[in-house]
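Observations on chain architecture
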Amino acid sequence: MPPGAISGSANFIRRRRPSPDIALKGLYEISKILNGAARLDQMLGNVINVLTSFLDMRLGMIVILDGDGEPEIIATAGWASEANGKPIETLPSAVIDRLVATATPVVAEDVAHDPLFARAAGLIARRIGARSTFLGVPIKSDEKVIGTLSIMRAWDEENAGGFDADLSFLRMVANLVGQTVRLHRMLAAERKRFLDERRTLEKALAEQLAETRAPLPKLSGIVGESPAIRKVMETIAVVARTNTTVLLRGESGTGKELFARAIHELSPRKAKAFIKLNCAALPESVLESELFGHEKGSFTGAVGQRAGRFELAHGGTLLLDEIGEISASFQAKLLRVLQEGEFERVGGNRTLKVDVRLICATNKNLEQAVAKGEFRADLYYRINVIPILLPPLRERPGDIGLLARSFVERFNAENGRKVSINQSGMDLLKRCSFPGNVRELENCVRRAATLARGDVVGREDLSCTAGECLSSQLWTGGRHGPVDPIAELASGRTIAAPAYERPRPAAAPPPAPTPAPAPDDEDDFPDETAARACEHADSGDCPAIASRLTEKERLLDAMERAGWVQAKAARILNITPRQIGYALRKYRIEMKHF
């Protein structure tokens, strides 16, 4: 056979053949790289570099082609930058065309005499030597060639032999690379589809809001007229018309289930079932049975066949609350149902198809969970198509009165009473921030209505006045040691419930905590001074109320109560007179003299 022919003949020259043990170790190392979390181009670069440890090669190259057959990713090994030539020029387009057209390996014993390498022979000779050998295999995905894997080595006449072992090893590596490229492209296409769908819905929402500001529909259980709640309802009115997955996010007690039901009631599916499930309330084994159902005898206690929540919600809507609490193994099972719309009952082998509109809810920061490996990124993209952030009650104080009256009416209907809240009681409620949100407000109203001696609830009937503020009892347990209120004021910290963190991009690391000047470093818990002051609701230092006051207002309040005597104001705030003087100068407050 003449030099330069393309073949797999046993007369072709090689230097060393990888043993089965070495080849197996090489495939193991390459599979670890391809299962990592790096970018695709970085993975392929690491793969081609690892190959140098298992094959006798001087140059190595992986080329991934785009849809038009042009190089999209080029990963090389053994190439040092030179003024003349680029790595891709050692692999002529004629060789790539041959690999793509035939989908079979290409071997050239001596590239210097092979017409396919005519234009690259000089560059290859400068890199390797006058004579070199080329081995190339196609990279396939679904039987379609999407790239090439090739190596070049110095030609050695003394070590003649076949290339079967090398080509077999390269084919296995190319197969792993092809599968990885396919998965990356599928994920990229899926993410692009989600983003396009989100942009389309956002555009539709903007167009609708530009056309009209019509009154929002009345929905059972949702009370509020504030801009924050109106914005949420406007978003819900748009997304409810589609089958797009919605993720409700917000603090505990903001009413995620009520808003999920509102989406269902406004959707074309309102005549079908609305099914809900709290994922955090059940262990994984029970959760699988609850969602997918089970067959008779599939486990101890399964005395009959049972339909799961997905089946019950067929044609309707399914709410998965606390979606961020499910385990990693169950996330994979859930992902299949969301992608394919099909599943099998526990203990069954018949595949069931369902048509369900999914709504998920969580108070967990899913972006941080993805970054920590606690939540699958592909499931995150699947459920976070339309995120809706529900505002906490402290961001909609204008709705507190409406909600309080609604809870009183419900209490009266349940207990045959005619209780009402007078203006002084309502004023005190409106000053609170309610870290526990709507759930805490309802608790406060029901408690006051139950314990009221008459049919009118006043400020004296509320928990704050009785020294039993719920916020004080719940959010002060973490403090140890004295706290400097003026230092707290100067630091810019506000008193609030444990904060629900708004979503951050998954790639961004969590911000470093800002050091507080107080002796302790607990975050977002009311200080002990404020807790003790809850015995006097008029002081404005109750944790549920203090967050409504600015730093300067708290200082002025203490001075007014002390008759502008600095020493007395210092005792009220549990600080020193010197610190009072510093704070007065800081805020440029002029002393009043009587």
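Everything below is about the structure printed above this text.
This report concerns the structure included in the present document. As the structure is a prediction and not an experimental result, all values here were calculated from the model.

1. A look at the overall build of the protein chain
Looking only at helices and strands, one finds 22 helices and 16 strands in the protein chain. Taken across its 594 residues, the protein chain has 46% of its residues classed as buried. The contacts in the protein chain between residues at least 6 apart in sequence include a share of 72% that link residues at least 24 apart. Of the roughly 29700 Å² of accessible surface on the protein chain, a fraction of 51% belongs to carbon and sulfur atoms.

2. What about the packing of helix α1 (residues 20-34) against helix α2 (residues 40-51)?
In contact at an axis separation of 9 Å, α1 and α2 are set at 165 degrees when each is read in the N-to-C sense. Here α1 is positioned roughly antiparallel relative to α2, judged by the angle of their axes. Crossing hand, α1 versus α2: right-handed. Contact residues: Glu29, Ile30, Ile33 and Leu34 in α1; Met43, Asn46, Val47, Val50 and Leu51 in α2.

3. Examining the pattern of salt bridges
A side chain with one charge may pair with a side chain of the opposite charge, provided their charged atoms come close. Under the definition given, this model contains 30 salt bridges. Through salt bridges with shared partners, a single network forms among Glu190, Arg193, Glu197 and Arg382.

4. Considerations on the packing of aromatic side chains
For any pair of aromatic rings, geometry is given as the distance between the ring centres together with the angle between the planes. Counting across every chain of the model gives 6 aromatic pairs. Between Tyr380 and Tyr381 the ring centres are 5.7 Å apart and the planes differ by 65 degrees, which places this aromatic pair in the edge-to-face class. On the accessibility criterion, Tyr381 (28% relative accessible area) is partly exposed. One aromatic cluster in this structure is built from Phe292, Phe310, Phe330 and Phe343.

5. Remarks on the sheet that holds strand β4 (residues 132-141)
If you walk across this open sheet you meet the 5 strands as β2-β1-β5-β4-β3, and the pairing is antiparallel. Looking at strand neighbours, the two that pair on one side only are β2 (71-77) and β3 (106-108), the edges of this open sheet. Sheet twist, expressed as the average angle between the axes of neighbouring strands with direction ignored, equals 15 degrees. Here strand β1 (residues 59-65) runs beside β2; their pairing, made up of 6 bridges, is antiparallel. Within β2, the position partnered with Leu65 by the bridge is Pro71. Where α2 meets the sheet, it contacts β1, β2 and β5 (144-154), and its direction lies at approximately 35 degrees from that of β2.

6. Quick word on helix α6 (residues 227-239)
Compared with an ideal rise of 1.5 Å per residue, which puts 13 residues at 18 Å, α6 spans 19 Å between its outermost C-alpha atoms and is within 8% of the ideal. Every buried residue belonging to α6 is among Ile229, Val232, Met233, Glu234, Thr235, Ile236, Val238 and Val239, and all of these are buried.

7. Looking at the environment of Glu284
When you line up the elements, Glu284 lands in helix α8 (residues 284-292). Residue classification places Glu284 among the partly exposed residues on the basis of a relative accessible area of 32%. Residues Glu284 and Ser329 lie 45 residues apart in sequence; the distance between their C-alpha atoms is 9.0 Å. Setting aside residues no more than four positions away along its own chain, Glu284 makes contact with Ser327, Ser329, Phe330 and Lys333. A distance of 2.6 Å separates a polar atom in the side chain of Glu284 from a polar atom in the side chain of Ser327.

8. So, the environment of Thr245
One can find Thr245 in the loop between α6 and β6 (246-249). Taking C-alpha positions, Thr245 is 6.0 Å from Val385, a pair spaced 140 residues apart along the chain. Setting aside anything within four residues of it in sequence, one finds Thr245 in contact with Leu358, Arg382, Ile383, Val385 and Ile386.

Here is what the cut-offs are and how they apply
Residues numbered from 1 in each chain as written. Predicted model: local features only at pLDDT ≥ 70, side-chain atom pairs only at ≥ 80, totals over all residues. Heavy atoms only, no water. Helix = DSSP H or I, 4+ residues; strand = E, 2+ residues; numbered from the N terminus. Buried < 20%, exposed > 50% of the residue type's maximum accessible area, 1.4 Å probe, protein only. Contact = heavy atoms within 4.5 Å. Areas by Shrake-Rupley, 256 points an atom, 1.4 Å probe, with all protein chains shown as cover. Axes fitted to C-alpha atoms, helices over the stretch in contact; angles between N-to-C directions. Parallel < 35°, antiparallel > 145°, perpendicular 65-115°, else oblique. Left-handed = near helix turned anticlockwise from the far one by under 90°. Salt bridge = Lys/Arg side-chain N within 4 Å of Asp/Glu carboxyl O. Phe/Tyr/Trp six-rings, centres within 6.5 Å; stacked < 30°, edge-to-face > 60°. Pairing = 2+ DSSP bridges. Expected span 1.5 Å × (residues − 1). Polar contact = N/O pair within 3.5 Å; in protein donor to acceptor, adjacent residues only side chain to side chain.

Such coordinate-based values are descriptive only and should not be taken to indicate function.
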